[in-house]
Amino acid sequence: MQSEFSIRTACRLDVELIEHLFATNGAQHFGIKREPPLTQLFQEYQTHRMVVHKEQEPKRLYAYCEFCVYPNIPVLSNDSWLSWLHCRFCIELPLTLMNTIFFNFCIYQTDHPDILRQVMLETFYREFKVKYMLIVRPPKYDAKDYELIEQTGKVYYPQAYNIFSNRHLPTIIVVQRDAFVPSILFRKALPEDNDDVIDIIDNEEPEMRVQHGDYFIAELLLGVAGNIDKEKIVVTEETSSTTGGTTGMMWLSEDVNIELLVKNYDLELMGNLVSCTPGADHATVRIHVMCTKEQRHFYRLHSDAICIVRLSCKSLGALTKRERLYSQFKYITDEMNNTSHYLDQVSKTMEVKFDVPHRGTLGGSGGGSARSSRRRHTINNAGKAFLLKNFILSPSLRLEYVYFYLCAMFSAYPEHDYCVVPMPAGTKYSSSVLALLKFFNRVPRRPSCALTEEVFVAHRSSLYTELNLYPLEMDDVHYVKEFLHMAEEPKEEEEEAPSNVKDKQIYRIVNEIIADVMNNQRSEFSFWIIRCGKSAGEREKTTTVGFIVLRPFTNYATVYKQFMLPFDENYLTFERGEIVLLCLHPYFQMWSDELLRTAAIRAGYRELYYMQLSAGLTLPNDLVGKMMPVEPRRYKRNWFVDMNSESFFRRASTGVNLPRINCVKDYFYLYCHNLCPSKYIGNPTSLVILGCSNICKAFLRLMLFGWNTPDFKNTSVNNCLPSVSITVIVEPGRMEAEYDQDFHCAYCSDVRTCFVRSATCAPFVYDTTRRMDLRNWIHFVPGRLKHIDCAKKIVVLKSNCKIHYEKLLLFCETSYGLPESCIESKPARFKLPYNYVELNNRLDRTMLYQKLHKLNQSDLSEKRVLIYGDKLAVYECIDFLLKHGLQGSQIIYIQPHRVAKPETLNNPTEDSNLDRILLNMLKDLGISTHVSMNFVDFTVHQTANFIDLVHFKKFNSAQLQAYRCDLFINFGERLLNYAEERVFESSGILLDKGKILVNDSYCTNDPNIYAAGKHVNMFDNCSYQYIYTSEYETAEKLIYILHLSTEQIKFEQKYKRPCLYQAMLPMGYMITKITTPKRYLMNRLPNEYSRSMTTYHEGDFCRIRLSSTLNVQEIVCVTRKLDRQLYFLEFFCGKHDSLLNNLSSRWNMGRIKCFVHFFQLPWTEYIMHDRFHELQTKNHASLVSLLIETQNLSGRISDLDARVNKACREALHANLLKFLRTHRKEFVNEFALPEDFS
């Protein structure tokens, strides 16, 4: 029967409602009741906090409950409670840290006593491993408070209890799951169940009924639709249901082709789904498969291997020097644009052993087909797997019921150990299937996989086995090294291979940790062995399945400066732990919450963190996918500290040489587990994205971290895990280049500052590839677009791969390319020349580096590189060429004719005021420069696809000028790839001058296709700037438009956030330019009429441009101090002059020598605070209310203005003081408040 109440997890926003419940006269409670105000309620750890309300009354609470893995007794807030129970009480139950939970507190309204049972049932449904719920009753209590609890459980008294002389002692009430949770009846389906099952199918998979008919269940059971001797259809009935009828259906089968699965999927960790009993007769089958060297990703960028061009000496000898160079260019281009290049696969012969009923080989008399048939028959007979073909759960049941259904599946096949679930490609998973697959392991495909299904596998032992943690002993060392595949120390002669070097380092660190734990009684490391078995507490009867190494995490204050974490308010309440190393068998990774919670409680921690370097040595953590990724800060603040200080590095350990990490500057991924229940959060809509522009990266980041809010209301009560259904179609090698950590530059001492690795965009975008790995949650598909079928909503790739979409997002903008007039004059199957370069992404930069490296190594007597364009990116590329082996005399720079026209848009990627200075710099470097020359075309060699001559036309001249070059780098603007543009036209998507037409909601003429970026035009003339805007803000607007946000977003059509561009310039300079988009374009003067202010101090040139309303529209800084990051200037662009401490007045008086130094003064810190926007919102509300109140006042205008101004100043002053008082501890600089002088 459906309950009238709704039970949900409590959060910080419920504090006021909980306080009101505490003050209710008709409320009854047990446990320690706190006195309001309850502002510190969520500072204390509780595993579950629940509130109960009616669906129609979400603001009225009927109950509040707390559950925890230890009792609400301070001295027992660890693993000591288990010893306390066994020593003081006569409890014969097999209690463990993992199968027990405490019901610590509950307050509920007395006129609804059934609420108590519902919240207890809710806890059992959330905690599948919990078998016992304990309530600690204090020595002195009111019998009425615990009356309902006693009816549901059994009371245990202490051994010293005496009803006459010693009765005031604590007692324990134990509620057992088996006696409390209602049972479910599983039985074989009957033909008369057809109608009930079909009704359930209609709710989740209506296409099944359309495909198979109204009576296909009955037809299957009666044998009309085929033989089902190897199949079982099981239905369920809930015994507590008053309506009766079927509530679920499972379609199981024993028909599993083991050999086919082993060939196509990596099942070695799953025992290849066969039985291999030690000591029994075995047979062996050899299967040839393709496998990857790295299990995590099939694709890997071999940037160093590209340099070795595998051409035979004979063929090279017949070529000239230039032909040999061009052959190398061709090889680099073809390989790095080829999908198969990134498929790191090797051939392997597997020997699959399995039990046979008698000795002998698999040979025998008969031909090859007979032997093959017998081989398949035998290996399949030895299989220990069954198939789940279909699973449907009634919408009236809780999704948590899927766990009991999974247990019933294994009960239906007691002789089988594996359950296999194949999911066809493109299938839209139902909610019940998604809930079920959380208990399965996704099996990785082999590179040569010929099947389209995704395969999931679950093992019997993961459901029925008890897990326990034990301290490390010497007998466990062998098993620890087995888990790390290090039974023997790596040999010295294998040290040259990078993988062997890494193994050797891990082996050394593990040995150091083990020695420290075993020999040092005061070791900071806690080493726990994870063992499974039925016997609780008996170590010798269990099996090792993993281990975990923890140590105190003391770097919270430093990682707080780089990641979005709450301010450290709990440093006196509990300690945090760091996961140094964690290995766990895949069968048991489904119990990550329980294992991490138990390990943390035993070690005395309440939060666990794990740091994973994006490049370099990282110790393994098999549960990293079950931990909450911590989002990097969305804007980089100025912390007024020396970031190279030793205090900002990961704390070193005595005796153990852990990898060194700068917690403020280095690129690494941070994961956290707050010991709260895991919750998957994501979009229910299936999205397909074409391209991976900066807006795409920002969009993916917001989708993954949609649960992140400034008040951390979600992360304070849940271990939030991203769960999104997004497919991104990218060109081959694009994402491999973005995440290539093996790139080594032969010219740069620090590879992070190299042009190939640097980024010109804002930190919000580049952190998606530096401080997080999108590939862990997003499905990237390499391929090139062939067609879009808008009617069927299918994207077709050139590989004939078809991808269905609900919503299609076109984020395929480019920056540079050939003009359309040049492309149209080429043949139909025109291919870009091999010495032609466009720098639209990091893959293009990598290819340019490889070609330039080959050009430098060549013996050509004359080398020429031709660059064309007029953006700031041109000067960055020239700086790259000069730093990577080229001389200024070998570079020719041609600038197109620049038409003098008003600047109506704020564009951070170009600066006409600096252009003349930059041209003079190039001339000083010996670079040949030509201006006012427009690109026309190029001609290629007659026998090869290489540019011979590039033709330009001088402005106001009909004569063409041609230049020979070895490399032609084109920075001519083109915002849409020509091939994709033709596909869009043929698919019916409207275009205008090479741009996609969209409305103000970024929707194309097809209601299911959206586009955003510089490659779009609005249908109607837009009155605000919508290009050269913040990628963060654009992505936020799209999420709102597509209704994908889990949080409320304040939507505004116009843009206001700043857009940043940063690039290196010749002669060791760096430019940072930040602009805000114009909110109004009509009847506004161009930028030439804006007010500009400049400073030059100690080599730092700064320029600030103010709008007519005195808002900062542009900040430009050119400096040689490359070690100083200027991203914090984003906070000040777009702000009003008065908010910036009367910026223009101070500059006019000569009190500002350098704008960069001015924005680094202590007073600027409050503007960079994470909650500053809340202060602005409050100020706006205060001013609006004051202005409304003064509308009806009478008197002289001058007097009214003075009164209003005074009231506004007082309101703003009061708001600021309150803001500073609230967050005073969070500031690095100390702000003096009025009470400091009283």
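Residues numbered from 1 in each chain as written. Predicted model: local features only at pLDDT ≥ 70, side-chain atom pairs only at ≥ 80, totals over all residues. Heavy atoms only, no water.

**Here we look at the sheet that holds strand β39 (residues 947-954)**
Defined as follows: A strand pair is defined by DSSP finding two or more bridges across the two strands. Secondary structure counts use DSSP, requiring at least four H or I residues in a row for a helix and at least two E residues in a row for a strand, with both numbered from the N terminus. To define axes, lines are fitted to C-alpha atoms, for helices over the stretch in contact only, and angles between the resulting N-to-C directions are given on a 0 to 180 degree scale.
The three strands lie next to each other as β38-β39-β40, forming an open sheet whose pairing is antiparallel. Only two strands of the sheet have a single neighbouring strand rather than two, namely β38 (933-940) and β40 (960-964). Averaged over all pairs of adjacent strands, the angle between strand axes in this sheet comes to 30°, irrespective of strand direction. Where β39 lies against β40, five bridges are found, and the strand directions are antiparallel. Bridge pairing in β40 links Val 950 to Tyr 963.

**Overview of the nonpolar core**
To keep things clear, this is the line we draw: Throughout, nonpolar core names a set of buried Ala, Val, Leu, Ile, Met, Phe, Trp, Tyr and Cys residues whose side chains join them through atoms within 4.5 Å. A 1.4 Å probe rolled over the protein chains alone gives each residue an accessible area, and that area as a share of the maximum for its type sets the label: buried under 20%, exposed over 50%, partly exposed in between. A contact between two residues is defined here by any heavy atoms of the two lying within 4.5 Å.
Grouped together as the largest cluster of nonpolar side chains are 227 residues, with contacts concentrated most on Phe 103, Phe 699 and Phe 984. When residues in this core are grouped by element, the largest group, nine residues, is from helix α13 (residues 402-412). Those residues within four positions of Phe 984 in sequence are excluded, and the remaining contacts are Leu 690, Leu 785, Ile 788, Leu 810, Cys 812, Leu 976, Ile 989, Leu 991 and Ile 996. By size, the runner-up hydrophobic cluster in this structure holds 46 residues, among which are Leu 325, Leu 848, Leu 860 and Ala 873.

**Thoughts on the packing of helix α20 (residues 694-704) against helix α22 (residues 763-770)**
Put simply, the rule is: Angular relationships are summarised with four words: roughly parallel below 35 degrees, roughly antiparallel beyond 145, roughly perpendicular across 65 to 115, and oblique for the angles in between. As a working rule, the residues Ala, Val, Leu, Ile, Met, Phe, Trp, Tyr, Cys and Pro are called nonpolar, Asp, Glu, Lys and Arg charged, and the rest polar, with Gly in that last group.
Between α20 and α22, the shortest axis-to-axis distance is 9 Å and the interhelical angle comes to 75°. Overall, the two elements α20 and α22 adopt an arrangement that is roughly perpendicular. Contacts from Asn 694, Lys 697, Ala 698, Arg 701 and Leu 702 of α20 reach α22 at Pro 763, Phe 764, Val 765, Asp 767 and Thr 768. Of the residues contributing to the contact of α20 with α22, the split by class is five nonpolar, two polar and three charged.

**A few points about the sheet that holds strand β30 (residues 785-789)**
If you walk across this open sheet you meet the three strands as β30-β31-β32, and the pairing is antiparallel. Each edge of the sheet is formed by a strand with only one pairing partner; in this case those strands are β30 and β32 (802-804). Put simply, the sheet's adjacent strands are angled 20° from each other on average, direction ignored. Pairing of strand β31 (residues 794-797) with β32 involves three bridges; the strand directions are antiparallel. Each bridged residue has a counterpart across the sheet, and for Val 795 the counterpart in β32 is Ile 803.

**Here's the deal with the confidence of the model for the protein**
Using the following cut-off: For every residue, the predictor assigns a confidence score, pLDDT, that lies between 0 and 100.
This prediction gives the protein a mean pLDDT of 88; 93% of its residues lie at or above 70. Counting interchain partners and residues more than four positions distant, the pLDDT-below-50 stretch residues 294-317 has 61 contacts. Note that residues 359-370 has pLDDT below 50 and, in this model, 12 contacts with residues that lie over four places away or in other chains.

**Here's the deal with the side chain of Asp 767**
With respect to the helices and strands, the residue Asp 767 is situated in helix α22. On the basis of relative accessibility, which here comes to 0%, the residue Asp 767 falls in the buried class. Setting aside its immediate chain neighbours within four residues, Asp 767 contacts Pro 632, Arg 633, Lys 636, Arg 701 and Met 772.

**With respect to the pairing of β31**
Looking at chain direction, β30 and β31 are connected through four bridges and run antiparallel. The residue of β31 that forms the bridge with Ile 788 is Val 795. Between β30 and the antiparallel strand that follows it, β31, lie four residues; Lys 793 among them carries a positive phi value of about 55°. Once β31 ends, the chain turns through four residues before running back antiparallel as β32, passing Asn 800 with a positive phi of about 70°.

**Some words on helix α11 (residues 321-336)**
Rules: To estimate how far a helix should extend, the number of its residues minus one is multiplied by 1.5 Å.
In a regular helix each residue adds 1.5 Å, so 16 residues correspond to 22 Å; α11 covers 23 Å between its end C-alpha atoms and thus fits that length. Of all the positions in α11, only Leu 325, Tyr 326, Gln 328, Phe 329, Tyr 331, Ile 332, Thr 333, Glu 335 and Met 336 are classed as buried. For α11, the elements touching its buried residues are α24 (842-857), β39 and β41 (967-970).

**Describing the packing of aromatic side chains**
Rules: For Phe, Tyr and Trp, where Trp contributes only its six-membered ring, two rings pair if their centres lie within 6.5 Å, and the inter-plane angle classes them as stacked under 30 degrees, edge-to-face over 60, or tilted in between. Note on geometry: a ring has a charge over it if NZ (lysine) or CZ (arginine) is within 6 Å of the ring centre and within 35 degrees of the ring normal.
Per the stated rule, a full pass over the model turns up 67 aromatic pairs. Seen in terms of ring centroids, Tyr 556 and Tyr 609 are 6.0 Å apart; in terms of plane orientation they differ by 70°. Their pairing is edge-to-face. One end of the pair, Tyr 556, is in helix α18 (residues 556-559); the other, Tyr 609, is in strand β22 (residues 605-613), and 53 residues separate them in sequence. In terms of burial, Tyr 556 and Tyr 609 fall into one category: buried. The side chain of Arg 633 reaches across the aromatic face of Tyr 560, ending 4.8 Å from its centre. Here the guanidinium or amino end of Arg 637 rests over the ring plane of Trp 639, the centre of that ring lying 4.1 Å away.

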